[in-house]
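# What the coordinates show
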Amino acid sequence: KMPPSLPATINIREPRWDQSTFQGRAKHFFMVTDPRNLLLSGATLEEARRVVEDYRAGTVPPGLTEDQLWRAKYIYDSAFHPDTGEKMLLVGRMSAQVPMNMTITGCMLTFYRTTPAVLFWQWVNQSFNAIVNYTNRSGDAPITPSQLGTAYVSATTGAVVTALGLKSLTKHLPAIIGRYVPFAAVAAANCINIPLMRQRELKLGIPVTDENGNRLGESTAAAQKAIFQVVVSRIGMAAPAMAIPPVIMNMLEKRAFLKRYPYLNAPLQVGLVGFCLVFATPLCCALFPQKSSMAVSSLEPEVQDQIRKKDPWLETVYFNKGL
């Protein structure tokens, strides 16, 4: 006997869990940032895209269960941009955050003593961040290669200058303070990198919609709020991974074990960072709803006028904040 056909009324444009609660957002982002999604084949991704697009168009494949539908939706979301629908760069996807960040951050925390090492790992980190920020930008407006290049160079320079400046300031301070230089540099760089990589949104605005997803216009005020939320999330994401391992490593380095096996320093550091990131990444992504909102009265006057003409009673607009 065939199972009953799935109704075509499940709203898979929204996450499976209630996004008005932190718990619901955390469940959603544990799925989105799951590193196992990176191992999925191109055929699996295309199959998930087909299921999602068919279902949105009102076609329900026979035998499709609700769990299979949500699984397809999360596979689709992990690989395709929510605004443009294009397949995202592999290392820019949120599912690459944990493996990439644990490697880069672990190395930044291990090799922080020499200037060339600081320069190299800050450059690697900002290059990775630039790819992530471009891949997970909000809106569907294209960004030109010259804008991309300028943003990348500015952000990388900012991070390196911050790291080297802080490194010279901490020379005469206890060793544990020096271990926190990479975190301070990363926090400062996020404040530079994200707005620069998404400068087009700040100039031209991002799409704002009503509750049903109908596009009402583009708002720079919404872009500012979106980018601020992403900066806070990213700094929060880096904090546990860059604050907890230095304390543990500082204690371990005073013991005989690491003196006897110094080659275990980097793997241990990377492992500790990875453990922190598995939890910090989804939990900090969940600090703010992906589909963020703001009052119409907080938008620019011209956008308010545009919206009032379409819907005089509308009080709240929604936008994709990006990641």
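Throughout, a residue's number is its position along its own chain's written sequence, starting from 1. Local features in a predicted model are, by the rule used here, given only for residues with pLDDT of at least 70; side-chain atom pairs are given and counted only at 80 or more, and totals for whole chains, interfaces and linings are based on all residues. With hydrogens and water stripped out, all remaining heavy atoms of the structure feed into the side-chain values.

As a further point, take the pattern of salt bridges. Salt bridges are identified by distance alone: a Lys or Arg side-chain nitrogen within 4 Å of an Asp or Glu carboxyl oxygen. Within the structure shown, the criterion is met by nine salt bridges. The closest approach of N and O atoms between Glu-53 and Arg-49, which form a salt bridge, is 3.6 Å. In this pair, Glu-53 and Arg-49 both sit in helix H2 (residues 42-56), four residues apart, roughly one turn of the helix. When a residue's accessible area, from a 1.4 Å probe over protein chains only, is under 20% of the maximum for its type it is buried; when over 50% it is exposed; and in between it is partly exposed. Accessibility expressed as a relative area gives 37% for Glu-53, which makes it partly exposed. Classification of Arg-49 as partly exposed rests on a relative accessible area of 21%. The partner of Asp-54 in a salt bridge is Arg-50, and the shortest N-O contact between them spans 3.2 Å. Pair noted here: Asp-54 and Arg-50 are both in helix H2, with a separation of four residues, about one helical turn. Residue Asp-54 is classed as partly exposed on the basis of its relative accessible area, which comes to 25%. It is possible to trace a salt-bridge network through shared partners that takes in Glu-46, Arg-49 and Glu-53. Each helix is a run of H or I in the DSSP string that is no shorter than four residues. Each strand is a run of E no shorter than two, and both are numbered from the N terminus.

With that settled, consider the UniProt feature "transmembrane region" (unreviewed entry) in the protein chain. Following the UniProt record, one finds the feature "transmembrane region" (unreviewed entry) at residues 226-248 and 268-288. In this annotation, residues 226-248 is assigned 100% helix and 0% strand; the end-to-end C-alpha distance for the span is 35 Å. Between the C-alpha atoms that bound residues 268-288 there is a distance of 32 Å. The span itself is 86% helix and 0% strand. UniProt positions are given in the numbering used here, feature names are shortened, and annotations may be inferred rather than shown by experiment.

As used throughout, domain bounds are those supplied by an automatic or database domain assignment. Taken domain by domain, the protein chain consists of domain 1 (22-80) and domain 2 (94-207 + 220-276). Distance between the C-alpha centres of domain 1 and domain 2: 30 Å. The contact criterion used throughout is that any non-hydrogen atoms of two residues lie within 4.5 Å. In this complex, domain 1 contributes seven residues to the contact, which on the side of domain 2 involves five residues. Here the quantity called buried area is the accessible surface, traced with a 1.4 Å probe, that two parts lose on coming together, added over both. Both faces combined, the contact of domain 1 with domain 2 buries some 450 Å², and carbon together with sulfur accounts for 71% of it. The largest share of the area that domain 1 buries against domain 2 comes from Thr-33, Pro-35 and Leu-38, three residues that together contribute 72% of it. Our count for the contact surface shared by domain 1 and domain 2 stands at zero salt bridges. A 3.5 Å cut-off defines polar contacts: any pair of N or O atoms within that distance qualifies, except that in protein one atom must be a possible hydrogen donor and the other a possible acceptor, and neighbouring residues in sequence count only when both atoms are side-chain atoms. Put simply, domain 1 and domain 2 have zero residue pairs in polar contact (both at pLDDT 80 or more) between them. When residues are grouped by polarity, Ala, Val, Leu, Ile, Met, Phe, Trp, Tyr, Cys and Pro land in nonpolar, Asp, Glu, Lys and Arg in charged, and all others, Gly among them, in polar. Within the side of domain 1 that touches domain 2, the residues separate by chemical class into three nonpolar, three polar and one charged.

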